[in-house]
Each structure stands twice: as structure tokens, then as C-alpha cells.
Amino acid sequence: MNDFPQSGRPVPAWFTDAKFGIFVHWGAYSVSAWAEPTGELGVVDPDVWFKHNPYAEWYWNTIRIEGSPAQEHHRTTHGGRPYDEFLDEWKAELFDPADWVELFARAGARYVVPTTKHHDGIALWDAPGTGIRNTVHRGPRRDLIADLAAAVRARDLRFGVYYSGGIDWYAGRRDPVLHEDRMDEGRPHEAAYAAYAHRQVIDLIDRHSPDVLWNDMGWPRAGQADLPELFSYYYATVPEGVVNDRWDNAHADYLTSEYEADRANEWGACWENTRGIGFSFGYNQTEGPEHLLDPADAVRLLVDVVSRGGNLLLNVGPKADGTLPQEQRAVLEGMASWMACHSEAVHATRPLESGSADPHDGDPWVRWTRDERHIYAFVADVPDEAGGRVALKTRPGLLDPDTAERLDGDTVKAEAGPEGIHITSAGLDTPLPTAIRFATR
Ligand SMILES: C[C@@H]1N[C@H](CNC(=O)CCc2c[nH]c3ccccc23)[C@@H](O)[C@H](O)[C@@H]1O
């Protein structure tokens, strides 16, 4: 257990130990599956972001922005027809939740968080107040959340729910959001919407006892007074539950960052960075390999986040038919083969106390984690001309060089040097990190 200033409530150890979760953004927007691959949130100029939104799950907003390429695409490809027709076209005919979850588990994920209602207001379960505008009564004609929850729990992973409390373009009847400085205009704050959203989150708690409440884009002002009661109901139902930080500062068990946005939240005992495998959360058919993380990028992101005390919530965007895009599967498969011998250096570890061993960007790339009995050095990009020799800067006496072992089983030689430990080992010149385990003195 560890305390966190945000809420003063100790964050359950399962979450801090989990290190890696899978986000699933799946919706009617997975039928259109179209956005410009503009770039990463936090890197793209905010003045460009909304008209050229790389988030394919924002399709309904982007096509309503005059002159946007998405609007042109919608006109030429879909005849400009109503967005809601994508709900009826969405069939999820190949959805096999057990297949998804097996891949997530092999990749080393310990929790799964699907979108239950995104900004388009379409619910993936028979949500109260939605009438037939959900996937049980239209399109897939299936409670996609219940089916995924069952598969996740059958595989002994934790199950969380994403809910777009702050934005609902259907219930909120708002004009398109044109700029992040005017995001609030796009958010419904009325009491009726607040009650509608509150009732739906309670329904999700009652149905699934979700291990994570992942709200997004804040909470309607008219409903903020009722949040303390909602959270105490949640914790009474799910004592080991965790709540994220996107409820308009009402409460947070942990802080989140997204791509390169809100990186200032990446501090303290427990935080989570989330991003897609490409520039979008919803499946975006225009993305090519140049826009996607490859397995080494994904592993390095995970190791870097974990080495600094965070969790990574990596998103997959399934296709409308329920299959995971092959290029996204390949990244998770790559993580899975790496995780097969590196799990112990990731799961249930903690960062090293600052100053005891230096991380390093560039050549070689170095990150550190530790548990009660071991310290793990992750090394990548060791220049080959060095013959696989790399100096790891550590506090003298921190590590016992005689106990060095490579987790992938290859040989490694270690000796104490003036500024730490000198490693000699072949094959460390890859971008994919390799962990070397040391016993702590
Ligand atoms: C997990 C993702 N969360 C997004 C909302 N993100 C945030 O509000 C925090 C990051 C952020 C800061 N400034 C922004 C401007 C535009 C969109 C996001 C952000 C969603 O808009 C997105 O579709 C996806 O669900």
C-alpha cells in the first residue's frame, strides 16, 4: 500500500504492482475508423489539433468542423450521412474476448479498461437512460462490456471501466469543440445530464464492481456535489478499487498523463501514462507503420514509465468486426515474447531511490528497477565497437557484481569500476532493452 497526496487514501498494492494495463477504445467510430495521423497529443500545435484531430474516436466532432479534411472524407466516402448510422453498421461479428484477453495477459498486462461510453454518448452496454442507443439494442446487439469483463476476470486480470463523464455530444447537444481553450463549451453541465451520467456510473459499479473508475474530460458541474457519495459507494462496493484524476479535481487516487500531455503529473508513488499504439485511441485505418510504436518502442516506454514509478495504460483500437488490427497485435506479441523472461524486472518492482543509479538516454540506454532482493539494470543500444562493454553509474557498493545475471539467459560479466559497475556482454546493441539482475548488498 502506498499513500498518495491526491486523496490521502492508500493506493491498493495491486495497482502499483500491476505496472501495465490495456486500454480498449471501441465504438461506432471504429466503423468510420478515420483520422489524419497528425501527431501526438502534447506535440501537435493546439491550434491545429481539433480541425486535424488524429483521434479517430473524435470523428463525429471533427466532421462537424467546417473545412476539416475529415469533413471532406465523410462527404466523399459516406455521403455526409448521420454519424449514428455507424452504430447500426457496427456488427462486432468476430468479437472473441477470450482471444483478446489471452494476448493482453501474455503481453504482461494486469488490468484491462474498455470504453463503456465515449464522447459520442453511445453505450457499449444497456445503460440506463440510453433507450436503444446502445450496442445491446442496435449494431452488435451485445453487451460488449459484460462479455469483456467475464473474459478478463476468467484470466485473473483486473477489469476497469472508462466513462466519458465530461463530454457527451449526444446527450449534451453541443456544438463541435474547436479548440482546447473552448473545451468547456463542448461539455454539458446541466443537472439532467449530471443525473444521467451519475446513474450510469452507479450502474457500471453495480454490474461489474470495476477495479478502476477511469473517468474522462471532467464531470458536469451540476453533479460534482454528488461525487463524494458516488466515490464512497464505489469504495464500499470495491474496497480495492482505484479512481483516476479526471473528475475536475473532485478526487484522485492517482494522476494521469496522455501521450506528451500532462507529463507534470508523472511524479510520486503512483501515476499512469496512457497512449495509443499509433496517434489515435480508436482504430484509424490511415495509420501506417511510420505512425505506430514498434515492439521495442513499446517495451522502452513501459520500462521508462515503470522505472519512474508509473503504470502504462497502452491502448488497442479494435476494428468494427471485433478483430484487433494485425499491426497492433504484432506490437503486443513482441511485448509478450520480451515479457516471457522480463516480467520479474517489471511487475511488483519499485523505482530505485534517487541518486543510487543513473538512468541514461542515448547510447547506451539505461533504466533501473528494484524489488526487495534485486536491482535490475535495463540496457539497450550498446555501441558494438565497445565489444558490449558498458559502464553503469551506481552508488559504490550498491550492487554485487558477482551476482550479475541476464534475464534472457545470455552470459554477462560484471566487475566493480571507479564509478559503479562495468558490464561486458554481447548482443546488447539492440533497441529492445535487456535486463541484468543483481543481488542487492
Ligand atoms: C484517453 C483519451 N482521453 C482524451 C481526453 N484527454 C484529456 O482530456 C487529457 C489530455 C488533454 C489535455 N488537453 C487536451 C486537448 C484535447 C484532447 C485531450 C487533451 C479523449 O478525448 C480521447 O478520445 C481518449 O479517450
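Residues numbered from 1 in each chain as written. Predicted model: local features only at pLDDT ≥ 70, side-chain atom pairs only at ≥ 80, totals over all residues. Heavy atoms only, no water.

Named according to an unreviewed UniProt entry, the protein chain is alpha-L-fucosidase originating from Streptomyces violaceus. Note on the protein chain: under the UniProt heading Function (unreviewed entry), the record states "Alpha-L-fucosidase is responsible for hydrolyzing the alpha-1,6-linked fucose joined to the reducing-end N-acetylglucosamine of the carbohydrate moieties of glycoproteins." Recorded in UniProt for the protein chain, the comment headed Sequence similarities (unreviewed entry) runs: "Belongs to the glycosyl hydrolase 29 family." (UniProt positions renumbered as here; feature names shortened; annotations may be inferred.)

Colleague: Can you tell me about the sheet that holds strand β14 (residues 420-424), naming the residues and giving the values?
Modeller: Read from one edge of the open sheet, three strands run β11-β14-β13, paired in antiparallel fashion. The sheet is open, and its two borders are formed by β11 (389-393) and β13 (413-417), each paired with just one other strand. Adjacent strand axes in the sheet meet at a mean angle of 25°, parallel and antiparallel pairs treated alike. Alignment of β13 against β14, held across five bridges, turns out to be antiparallel. Note on β14: the bridge partner recorded for alanine 414 is isoleucine 423. (Pairing = 2+ DSSP bridges. Helix = DSSP H or I, 4+ residues; strand = E, 2+ residues; numbered from the N terminus. Axes fitted to C-alpha atoms, helices over the stretch in contact; angles between N-to-C directions.)

Colleague: Tell me about the packing of aromatic side chains, and please be specific about residues and values.
Modeller: Going through the model one piece at a time under the given rule, you end up with 29 aromatic pairs. Pairing tyrosine 163 with tryptophan 219 gives two aromatic rings, centres 6.4 Å apart and planes at 45°, and the pair type is tilted. One end of the pair, tyrosine 163, is in strand β3 (residues 158-163); the other, tryptophan 219, is in the loop between β4 (212-215) and α10 (227-237), with 56 residues separating them in the sequence. Comparing tyrosine 163 with tryptophan 219, the two get one shared label, buried. An angle of 45° between the planes, with centres 5.5 Å apart, marks the rings of tyrosine 234 and tyrosine 235 as tilted. The structure contains a cluster of three or more aromatic residues connected by ring pairs, namely Phe23, Trp49, Tyr55, Tyr162, Trp214, Tyr259 and Phe281. (Phe/Tyr/Trp six-rings, centres within 6.5 Å; stacked < 30°, edge-to-face > 60°. Buried < 20%, exposed > 50% of the residue type's maximum accessible area, 1.4 Å probe, protein only.)

Colleague: So, the site of the ligand: which residues are in play, and what are the values?
Modeller: The environment of the ligand is made up of 19 residues, and the closest members are His25, Glu57, Trp58, Asp216 and Glu258. In this structure, a nitrogen atom belonging to the ligand sits 3.2 Å away from a side-chain N or O atom of arginine 246. Glutamate 258 has a polar side-chain atom sitting 2.8 Å from a nitrogen atom of the ligand. The protein chains hide 91% of the 520 Å² of surface that the ligand would expose on its own. Among the residues making up the shell around the ligand, the classes are represented as 10 nonpolar, three polar and six charged. (Near = heavy atom within 4 Å. Polar contact = N/O pair within 3.5 Å; in protein donor to acceptor, adjacent residues only side chain to side chain. Areas by Shrake-Rupley, 256 points an atom, 1.4 Å probe, with all protein chains shown as cover. Nonpolar A, V, L, I, M, F, W, Y, C, P; charged D, E, K, R; others polar.)

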